[in-house]
Amino acid sequence: MSGAVALPVFPDGPFEVYRIIEFEGPFRDPEHLIPSATPDAIKNTRTYNDARFFDQGDHKLIMAFHGIVVRTPTSVILIDACLGNDKHRPMVPEWHMRSGPFLNDLKGIGLSVDEITHVLCTHLHADHVGWNTRLLDGRWVPTFPNAKYLFGREEMAFWEQDADANHKSWQDSVQPVLDAGLAEIVDSHHEIEPGVSLLPAFGHSPGHVMVKLETTSQGKTRTAYVIGDVIHHPLQVEHPEWSSQFCWDAKMAGDMRTSILETVADSGHWLVPAHFPTPTAVRVESNQDGFWLED
Ligand SMILES: [Zn+2]
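Notes on the structure in this doc start here. Nothing here was measured: the structure is a model prediction, and the numbers come from that model. (Residues numbered from 1 in each chain as written. Predicted model: local features only at pLDDT ≥ 70, side-chain atom pairs only at ≥ 80, totals over all residues. Heavy atoms only, no water.)

With respect to the secondary-structure elements, N132 resides in the loop between β6 (118-120) and β7 (133-136). Those residues in contact with N132 that lie beyond four places of it in its chain are A81, V119, C121, V141, P142, T143, Y149, F151, S173 and V177. (Helix = DSSP H or I, 4+ residues; strand = E, 2+ residues; numbered from the N terminus. Contact = heavy atoms within 4.5 Å.)

This part takes up the nonpolar core. Counting residues in hydrophobic clusters, the biggest one holds 47 residues, and the most contacted among them are V69, L106, L124 and F144. Secondary-structure elements contributing two or more residues to this core are β2 (16-26), β4 (60-71), β5 (76-79), α3 (102-108), β9 (148-152), α4 (153-159) and α5 (165-179). Residues within four places of L124 in sequence aside, it is in contact with V129, F151, E155, M156, W159, N166, S169, W170 and V174. Core analysis: the second largest hydrophobic core is formed by 23 residues, V9, I77, V211 and A224 among them. (Core = buried A, V, L, I, M, F, W, Y, C linked by side-chain atoms within 4.5 Å. Buried < 20%, exposed > 50% of the residue type's maximum accessible area, 1.4 Å probe, protein only.)

For the rest of this paragraph, the subject is the environment of E155. Positionally, E155 belongs in helix α4. Between the C-alpha atom of E155 and that of P206, which follows or precedes it by 51 residues, the distance is 5.8 Å. Discounting residues that sit within four places of it in the chain, E155 has contacts with H123, L124, S205, P206, G207 and H208. In this structure the side chain of E155 is engaged in a polar contact, spanning 2.9 Å, whose partner is the side chain of S205. (Polar contact = N/O pair within 3.5 Å; in protein donor to acceptor, adjacent residues only side chain to side chain.)

Here you go:
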């Protein structure tokens, strides 16, 4: 499944939020992503019994890879550049040498590559930087020539020491942006414009950031957090202490999950994670058993 989908997070405007989907479907055994998610441990979870999030037949998590586009009155911001085309990722077949319709899907919501004003990677793992660049005449060039590419200072400082990590995605998806002079290194607290701010969300990676969107109209404030990989899968809404095997600091990542769940629970605030399948934008409620998603 691919395509562009509007998310219903700001029904009164002025922000429009879309997901541009590169992949959605069964993806990996739960223990592959989350070592604590053994068959015994998950069988009584709500996630396991929810066909939106778990494929019991194949015993696979249902996951998505998408970018989030936020149109404000003045900007068009791509949050997370997902997988990209033509990227050499032989260790992950679904990511390897793709030729997907991401840019056509952007056109479907009326956007050319020239109209993206900002690209923000919540972190620099390979599945969040892909569309930073595209292959043109055998060279990697920035896909969005008029955009400022915002990179978190701590995240950059960590991965520039290890440019062979993350399937070598630094080399094809970060370095060309630096070389083109389009990168802007920002603090983990950073306002892009009023109502659109980065916040630190360290743990999954050393300098992971998330984006808080907030607007008030007619006395009503609406808030959404675009959280990247702070939470990979609804299983971790039920079990925020379960980190993925790809988390840099499992304890810090778990604390961060609990913190954002406490922030949004029972508040009407939206969460928009980078890998939640449809409906992707969720609200959270809490009770004595912990957290789960509102209907
Ligand atoms: Zn990811």
